[in-house]
Amino acid sequence: MALNLRLKQTECIIRMLNLNQAVSSAAGTANEEVYKILIYDRFCQDILSPLIHVKDLRKHGVTLYFLLDKDRNPVHDVPAVYFLRPTPSNVQRVISDASRALYDSFHLNFSSSIPRPLLEDLATGTITADSIQRISKVHDQYLEFVTLEDNLFSLAYKNCYVELNDPSAGDKEIEAIIEKIVGGLFCVLATLAVVPIIRCPRGGPAEMVASLLDQRLRDHLLAKNNLFTEGGNFTSSFQRPVLCLFDRNFELSVAIQHDFRYKPLVHDVLGLRLNRLNVKGEKGVMKSYELDRLDPFWSASGSLEFPEVAVEIETQLSKYKRDVEEVNRRTGGDAGAEFDGTDLVGNTKHLMNAVNSLPELTERKQVIDKHTNIATALLGEIKERSLDSYAKKESDMMVRGTIDRNELLGVLKGKGSKMDKLRFAIMYLISTETIPTSEIEVVEAALRESDVDTSAFQYVKKIKSLNVSLASANSASRSNIVDWAEKLYGQSISAVTAGVKNLLSSDHQLALTRTVDALMEGKPNPEIESYLVFDPRAPKSTSGSSSSHLKGPFKEAIVFMIGGGNYVEYGSLQELAHGQQPVKHVIYGTTEILTGDEFGEQLALLGKKMGLGSSNIAPVH
């Protein structure tokens, strides 16, 4: 069976809600008689939000639910299920709740493994307050990640790109960041109960994460009852998934480009968060929508270009109207026809069918109305900001590797928000291999004319010039430049321009997707020749060598982007998986899901940290 992260994480949460007892699949609950209270912190609320709805909580006996930091009154004779991150402040709050005897018993569930010192603090605190008997169980749940779709997850790690690339970050800070990312990935693998083969490019955060994750898995597999025993220790290598790790600098362009497909547009323009969206409806009233697997239109049309989505909405509406007319015709009888008693059974049958089809028709109408509202809101933004033009020109620029100067300045002086213009200018910088200094100055002047803060532009220009010097330096001086780059960025710089050859492929497939395809195929390929291989189940000596036998082919892959990802990459990888024969399976994850504007802001922040850009101009909006 294909790996399904959403299903696995939901199962773990349901077991937790049922006081960590096994849940029978028939009843769907362990013990319906036990009513309980659920307490969570804000991070764990985000984990629960896309997976469990209020009606699901009721079904599993949860009658009340509260945030940990809210003032709560005692509720006697009721167990409380706590779902929290293992932090000192959370542990202190639990000790305080127990000492005040807020609930009858405490079932503590931590989103990742609770460190020994915190566990000792918890024990000491509850013994001192004479409330340790209230603590029923303490569980490590390994659920510290947010699953948005069957094959999409995020570690919800904010500003990770800035932290990793901060020129002032020392080794200690970088190690702490890598540790945090590895902790999140370990939770994902523990939930799936798989030990993958790990592949990554040499150098940079990807190798650091791969190496530490390999070590963490090895240490864990030494324990007899480990989290992966159910996955089977003797699975042959081709049945295990491959985990492909990348750093955002591998393909910077995808993080800031404008895309014209439905899911990326809704996320980038309307701010989809945790599968929820707020859109202005009729008369300016804000409407809140859920966009998840239960919405058939979202699942089927997410990867379509926006004009195709508009056509699809029309098609669905016409089909709905036809079906309603059909129901009316069948139940209304033919006009003027005499009533014939013999047809009583037939008429009753039609009526029954009509009544049964009403809920389905109502649901379809709600979905159509929802997407009509979303599409209308998108259309307003597209017209106001010329987003179709940005998407088209950026795509052309990436394929051709250049753009006419007048066209470029026309965009920078035309419609669009300040951030749209900044993103376009950065795309020009990335997609054009060599740009004369005079041209760059013209672009900067055009940005300043529109009151755009150029810090992000300057930052990308700086790392691009570093790349060029890396490429052109001879081997003797190259190491000095690398040392300097590592000091400057706290890590080795990978090709920010995503290698212009990557951008010129005829079908314009993302470099990431092409690389993942090659890693899954496992055939010799110059693009991935230097990629490292880690197998946590293999003897240590073979680890990290690129000439290992563990090259695939793989049916399943987990792709993880360090430093932020988006729906463009996710969509591209799903297309790759479904376009294969037989169909492959790809899970995509990232440190955080970012819109182009949010990533632009992170670049601007790095520019400012390096003292680049126009500090006298207000931040980009």
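Just so we're clear, the structure is a prediction, and the values are computed from it rather than from any experiment.

Calculation criteria
- Residues numbered from 1 in each chain as written.
- Predicted model: local features only at pLDDT ≥ 70, side-chain atom pairs only at ≥ 80, totals over all residues.
- Heavy atoms only, no water.
- Helix = DSSP H or I, 4+ residues; strand = E, 2+ residues; numbered from the N terminus.
- Axes fitted to C-alpha atoms, helices over the stretch in contact; angles between N-to-C directions.
- Parallel < 35°, antiparallel > 145°, perpendicular 65-115°, else oblique.
- Contact = heavy atoms within 4.5 Å.
- Buried < 20%, exposed > 50% of the residue type's maximum accessible area, 1.4 Å probe, protein only.
- Polar contact = N/O pair within 3.5 Å; in protein donor to acceptor, adjacent residues only side chain to side chain.
- Nonpolar A, V, L, I, M, F, W, Y, C, P; charged D, E, K, R; others polar.
- Phe/Tyr/Trp six-rings, centres within 6.5 Å; stacked < 30°, edge-to-face > 60°.
- Lys NZ or Arg CZ within 6 Å of the ring centre and 35° of its normal.
- Lys, Arg positive; Asp, Glu negative; His and termini not counted.
- Salt bridge = Lys/Arg side-chain N within 4 Å of Asp/Glu carboxyl O.
- Pairing = 2+ DSSP bridges.

Peer 1: If you had to explain unusual backbone geometry to someone new, which residues and values would you point to?
Peer 2: In terms of backbone geometry, most residues other than glycine have negative phi values and most peptide bonds are trans. Note that the residue after Q581, namely P582, is joined by a cis bond; omega there is -10°. Summarising the element assignment, P582 is placed in the loop between α22 (567-578) and β14 (585-590). The phi torsion at A156 lies on the positive side, around 50°, for a residue other than glycine. Looking at where A156 falls in the secondary structure, it is placed in the loop between β7 (152-154) and α6 (160-165). For A193, which is not glycine, the phi torsion reads 60° and is therefore positive.

Peer 1: An account of the packing of helix α16 (residues 418-431) against helix α23 (residues 596-609) is needed here, citing residue identities and associated values.
Peer 2: At a minimum axis distance of 10 Å, the contact between α16 and α23 shows a crossing angle of 70°. Considering the angle they form, α16 stands roughly perpendicular to α23. Side by side, α16 and α23 meet where M419, R423 and I426 of the first sit next to G596, D597, G600, E601 and L603 of the second.

Peer 1: Please provide a residue-by-residue account of the side chain of D453, values included.
Peer 2: Of note, D453 is situated in the loop between α17 (437-449) and α18 (455-472). On the basis of relative accessible area, D453 is assigned to the buried category, the value being 2%. In this structure the side chain of D453 is engaged in a polar contact, spanning 2.7 Å, whose partner is the side chain of S455. A distance of 2.5 Å separates a polar atom in the side chain of D453 from a polar atom in the side chain of K608.

Peer 1: Pulling in residues and values, what's your account of the packing of α16 against α17?
Peer 2: Two elements in contact, α16 and α17, have axes separated by 11 Å at closest approach and are oriented at 170°. In terms of their interaxial angle, α16 and α17 are classed as roughly antiparallel. Residue-level contacts link K421, L422, A425, Y428 and L429 of α16 to E439, I440, V443 and L447 of α17. Here the residues of the contact of α16 with α17 are counted per class, giving seven nonpolar, no polar and two charged.

Peer 1: Go over the packing of aromatic side chains with me, naming the residues and quoting the values.
Peer 2: By the definition in use, this model includes 16 aromatic pairs. On the numbers, 5.3 Å between centres and 20° between planes, the contact of Y82 with F106 is stacked. Here the residue Y82 occupies a position in strand β3 (residues 79-84), and F106 occupies one in strand β4 (residues 105-110), the gap between them amounting to 24 residues. Ring centres of Y262 and F297 lie 6.3 Å apart, and the angle between their planes is 90°; this geometry places the pair in the edge-to-face category. Highlighted residues: Y262 in helix α10 (residues 262-270) and F297 in helix α11 (residues 296-301), separated in sequence by 35 residues. Across the pair, F297 and Y262 agree in class, each one buried. The rings of Y82, Y103 and F106 are connected pair by pair, giving a single aromatic cluster. Over the face of the ring belonging to F43 we find R85, whose NZ or CZ atom lies 3.8 Å from the ring centre. The ring of Y157 has K180 lying over it, and the distance from NZ or CZ to the ring centre is 4.0 Å.

Peer 1: Provide a residue-level description of the side chain of K464, including the pertinent values.
Peer 2: Inspection of the secondary structure assignment puts K464 in helix α18. An unpaired buried charge is present at K464: no salt bridge exists, and E433, the closest side chain of opposite charge, is 8.1 Å distant. Here T432 takes part through its backbone oxygen, which lies 2.3 Å from a polar atom of the side chain of K464.

Peer 1: Describe α10, and please don't skip the residues or the numbers.
Peer 2: Across the nine residues of α10, nine count as buried, placing the element largely inside the fold. All of the buried residues in α10 are Y262, K263, P264, L265, V266, H267, D268, V269 and L270. Immediately downstream of α10, the backbone of G271 shows phi near 75°, a positive value.

Peer 1: Please provide a residue-by-residue account of the sheet that holds strand β6 (residues 146-149), values included.
Peer 2: Spatial ordering of the open sheet is given by β6-β7-β14-β13-β9-β8-β12, a layout of seven strands whose pairing is mixed. Among the strands making up the open sheet, the edge pair consists of β6 and β12 (532-534). Taking the axes of each pair of neighbouring strands and ignoring which way they run, one obtains an average angle of 20° across the sheet.

Peer 1: Give me the lowdown on the sheet that holds strand β2 (residues 62-67), citing residues and values where you can.
Peer 2: Strand order in the open sheet made by the five strands is β2-β1-β3-β4-β5, with parallel pairing throughout. Two strands close off the open sheet at either side, each with one partner strand: β2 and β5 (135-140). Direction aside, neighbouring strands of the sheet carry axes that sit 15° apart on average. Of the pairings in the sheet, the one linking β3 to β4 comprises six bridges and is parallel in character. Residue V81 lies in a different strand from β4, and its bridge partner there is H107. Strands in contact with helix α1 (residues 5-17) are β1 (36-40), β2, β3 and β4; relative to β3, the strand with the most contacts, it is inclined by about 145°.

Peer 1: Describe in detail the environment of S211, supporting the description with residues and values.
Peer 2: For S211, the location among the structural elements is in helix α8 (residues 204-221). The sequence separation of S211 and I198 amounts to 13 residues, and the corresponding C-alpha distance is 9.0 Å.

Peer 1: Just give me the short version of the pairing of strand β11 (residues 286-290), but keep the residues and values in it.
Peer 2: Within a regular strand, side chains alternate between the sheet's two faces. Alignment of strand β10 (residues 276-280) against β11, held across five bridges, turns out to be antiparallel. Note on β11: the bridge partner recorded for N278 is S288. In textbook terms, the turn of a hairpin is the stretch between consecutive antiparallel strands, and for β10 and β11 this stretch comprises five residues, one of which, K283, has a positive phi near 60°.

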